[in-house]
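Fold and geometry: a report
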Amino acid sequence: MQKSIFLTVLAGAALLAACSRPVPVAQDGTDLWLAAGRPYADVLASVETTIDPALPAEGYHIYDADGQRHVAAGSEAGLRYGVYALQRAEVLGAAGPGIDIQEQPYYDLRLLNHWDNLDDTVERGYAGESMWEWTSPTVPEARIRHYGELCASVGINGAVLNNVNSNPLILDAEHIARVAKIADILREYGIKTYISIKWTSPIALSGLKSGDPLNPKVRQWWKDKAAEIYRAIPDFGGFLVKANSEGQAGPQDYGRTHADGANMLGEALAPYGGIVMWRAFVYSPTSPDRANQAVEEFLPLDGKFADNVIVQIKNGPVDFQPREPFSPLFGKLKDTKMMMEFQVTQEYLGFSNHLAYLGTMWEECLTSDTYRDGPGTPVSKTISAIAGVANTGQDPNFCGYVFAQANWYAYGRLAWNPELNAETIADEWIRQTFLKPAGMTDKAFESKFIEPVRGILMASREAVVNYEMPVGLHHLFGGTHYGPAPWDRLGRPDWTPAYYHQADSAGIGFDRTRSGSDNVDQYNEPLASEYNELATCPENLLLWFHHVPWDYKLASGRTAWDEICLHYDAGIKQVEAFRQTWAGLKPYVAPALWEEAAKKLEIQQHDGEWWRDANVGYFQRINGLPLPADVRPLDTPIDSLIYRQVRSDRLGMPIHDENNRPIIDRPRFRRPQ
Ligand code: GCV
C-alpha cells in the first residue's frame, strides 16, 4: 500500500517536472525578426490610421485617444513604419495603455546594396544565389514581398539590385523591363529601386567609341538611357557607380575627374529627381598607402559635385576589415554630400559561418568623433544617407543562418536611428526572432535565454577581431577572404597581407605616423596627434598606425608579441564560451535552429584555431620568439598551413569536413625565393 502511494507521488512529480519543462516552439528561422508578434495585417486592423501632412513624410505617431489606438503618419510609408513599430513595441512589452511613440528617420536614404550578378551569382554572397533570380523567366514575387516586409519593418527604403561590379546588360531593354517588375513590387513596401551601372555601358551597348563624360554623344546617351528607364519606372531612384576602382573603368580613363563623371550622370537623372551615388572606394596603385588614397582623390573635389550626387564611403579607409578606424573622408569633406557604406554581408568576418554581430562595429564607427566641425561631430552627423551591402540570397532564411539575420536587422535599425545603441538593437532582435518556449515564464525566458544570447552577440565581433587580426592588424586574408594568409606577398602589394602587417625580425605594424605614410594627418586634431603618438594611440588600432618592435610594452606591461598571442588565444576562448552557452540553451530553441547554430559555432571555433595557428605560427617564424607561458600551444604546425588555403565550392563557400574542420589544402602560391 505504502509502496503504491510512493509510486503515485513519484509519477506525479515526474509529470509535473515534464509539464514545467519548457517546450521549444517549432520555428525554422524563415520569418526572421517578424517571427514573434502579431501579423502586420492584424496590427493594422486594430488601429485607427490617419495621414497627417503636418508630420514628416516618413514619420509616424502612435498614441491612444478616445479609447482607441491610433497611428498617424506623414505618408503611406510612414503609416507602414508606424504599424511595424507598434508590432515591435508589442513584442518588447512597450505598447501598454497610454503609448506615445513619435519617430522619424534620421536619414532620408536608407539603402541596401545587393552585389548580385545577372548570372545569379552574388559577389561576397553567402546565402545562396541571387534573390532576384535574374536568369529565371519570372520574378520571384513571394520572396520579394517577404523581403519588402522585412525591409519596411526596419525602415529600409531603397534597394540597389545589382553588383557595383556591374554588367552593362542591366541597361538593356530586357533588364530594364525586369527591374521595372521588381520595382513595382518593392514600391508597395515604400522601397525605391536603384541600379549599379558600368561606366563603359555606352560603348558596350551602343558601340560609342568613348566613355568621356565631357563628350556630347556620351552625355546624350546617358540622358536617353535615363529617359528610357523613367518611362518604365517613374519613381526610379538612380545609379550607384563604382568607377576607376579595381579594374573598373571611369572618367579618369579620359583624363576627367570623379566629379566630371558623377555630374554627367547627375545631369541625366536630375529632370526625374534621380540621384547618383558615387563610390569613394577608389585607389590607385601608385600611392604608397592605400588608406590615404580616397582622401587624396576626393578632397580636391570637395564642393564640385552636383546637388543630386552623393559620395558613398566605406566605413573604414581600407576595406570592411573587422576593425578599422573610420574613413578620414568623413572628417574632411565639408561641401560634399556623403553617404555611409557598411557591409552587412560578412566578407571579412567569417561569411555566414561565424557569429559576428556587427551592430557593435557600426556603433563604434557612427559614434566616432571626426572633429570636423569641432568636438562633437560624430561620423553619424557628417553623413546624410546610408547604405549596407546586403547579406541576402535565395536561402529560405535569406541570410545563411539565424544569427546572420541580426546584422540585416541591426543595419536597418541604425539606418533609421544611428543614435540607437547596439545592445538595445540586439535585445530587440532576440525578442522578435526567438519564440518563447511553451511553459516558460517571461522572467525565466529573460534570464535563461535572452540575457545569455545578448551576451554572445555583444561579445561576438570582438572575438572575431581577436582570433583574426587583433591589436590593429588588418587584411591578413587569403583567397576568398575566408582564411588567414599572412605569408602572402605575391602580386599587387596593397592586395597582400605582407603589405599590411609589415612584419620583420624587428617588429610589426604599418607605420602611418608622420614619419611613415602620414595617414594620421588625414584626421582632424586632436585625433591626428593622438593616433600619431604611441602613448595615446588606442591599443586596438596600434598596429594600424604604428610599426612597433616585438618587445614594445603595452599598457598591460606585456610586450606587443605577447599581447598579439594572448588576443589570438582569447578569441578562441570566447568562441568556446559561446559554444558552451549555446549548448545550455538547447531546451529553449526549436531543434533545427539550435542544431544549425551549434554547428556554425563549432565551425567558428575550428576556423578560429586555424587563424591563430596560421598567424601566430607565421609571425613566430619571423621573430623566433616563444609563446607566452599562459597561451596554449598551437594545434597545427605552421609548416602544414603556410601557403595553403581552405577548399571552396563553386560559389566560394569554404568546405569543412565531417568534424566541421576547414579542409586546408593545395599550396596556392609558390614559396617566394
Ligand atoms: C564588389 C572588396 C571586395 C570586392 C568588392 C569591392 C568593392 O575589394 O573584395 O568583392 O567588389 O570591395 O567594394 O567594390
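Look a little higher up for the structure.
So, here is what we can say about the structure in this document. (Residues numbered from 1 in each chain as written. Predicted model: local features only at pLDDT ≥ 70, side-chain atom pairs only at ≥ 80, totals over all residues. Heavy atoms only, no water.)

1. What about the overall build of the protein?
- Counting secondary structure elements, the protein contains 20 helices and 16 strands.
- The C-alpha radius of gyration computed for the protein amounts to 26 Å, which stays within 12% of the reference 26 Å derived for 673 residues, consistent with globular compactness.
- The principal-axis extent of the C-alpha atoms belonging to the protein is close to 100 × 70 × 50 Å.
- Within the protein, the proportion of its 673 residues that are buried is 59%.
- For the protein, the exposed surface amounts to about 25300 Å²; the carbon and sulfur share of it is 53%. (Helix = DSSP H or I, 4+ residues; strand = E, 2+ residues; numbered from the N terminus. Rg over C-alpha atoms; globule rule 2.2 N^0.38 Å. Buried < 20%, exposed > 50% of the residue type's maximum accessible area, 1.4 Å probe, protein only. Areas by Shrake-Rupley, 256 points an atom, 1.4 Å probe, with all protein chains shown as cover.)

2. Notes on the sheet that holds strand S12 (residues 385-389)
- On the basis of which strands lie adjacent, the closed barrel formed by eight strands has the order S5-S6-S7-S8-S9-S10-S11-S12 and parallel pairing. Put simply, the sheet's adjacent strands are angled 25° from each other on average, direction ignored.
- Taken together, the four bridges between strand S9 (residues 275-279) and strand S10 (residues 309-314) define a ladder with parallel strand orientation. Opposite tryptophan 278, over in S10, you have valine 311 as the bridge partner. (Pairing = 2+ DSSP bridges. Axes fitted to C-alpha atoms, helices over the stretch in contact; angles between N-to-C directions.)

3. Quick look at empty space enclosed by the protein
- This model, assessed by the stated rule, comprises six cavities of 30 Å³ or more.
- If you add up the space inside the largest cavity, you get close to 110 Å³.
- Class assignment for the residues of the lining of the largest cavity results in nine nonpolar, two polar and two charged. (1 Å grid on protein atoms, 1.4 Å probe; cavity = no way out; pocket = protein on both sides within 12 Å on 5 of 7 lines; lining within 4 Å. Points joined across faces, edges and corners; volume = space filled by probe spheres on them. Nonpolar A, V, L, I, M, F, W, Y, C, P; charged D, E, K, R; others polar.)

4. Notes on the site of the ligand
- Of all residues adjacent to the ligand, which total 15 residues, the nearest are Glu123, Lys242, Arg279, Lys314 and Glu347.
- In this structure, an oxygen atom belonging to the ligand sits 3.2 Å away from a side-chain N or O atom of asparagine 165.
- Between the ligand and the protein, one listed contact pairs an oxygen atom with a side-chain N or O atom of glutamate 246 at 2.7 Å.
- Contact with the protein chains removes 97% of the 340 Å² of surface that the ligand exposes when unbound. (Near = heavy atom within 4 Å. Polar contact = N/O pair within 3.5 Å; in protein donor to acceptor, adjacent residues only side chain to side chain.)

5. A look at the state of the cysteines
- Across all of its chains, the model carries zero disulfides by this definition.
- Just so you know, cysteine 365 is unpaired, no disulfide at all, and the nearest cysteine sulfur is the one on cysteine 537, 17 Å from it.
- No disulfide involves cysteine 399; its sulfur sits 10 Å from that of cysteine 151, the nearest cysteine.
- Cysteine 399 gets classed as buried once you look at its relative accessible area, which sits at 2%. (Disulfide = S-S within 2.5 Å.)

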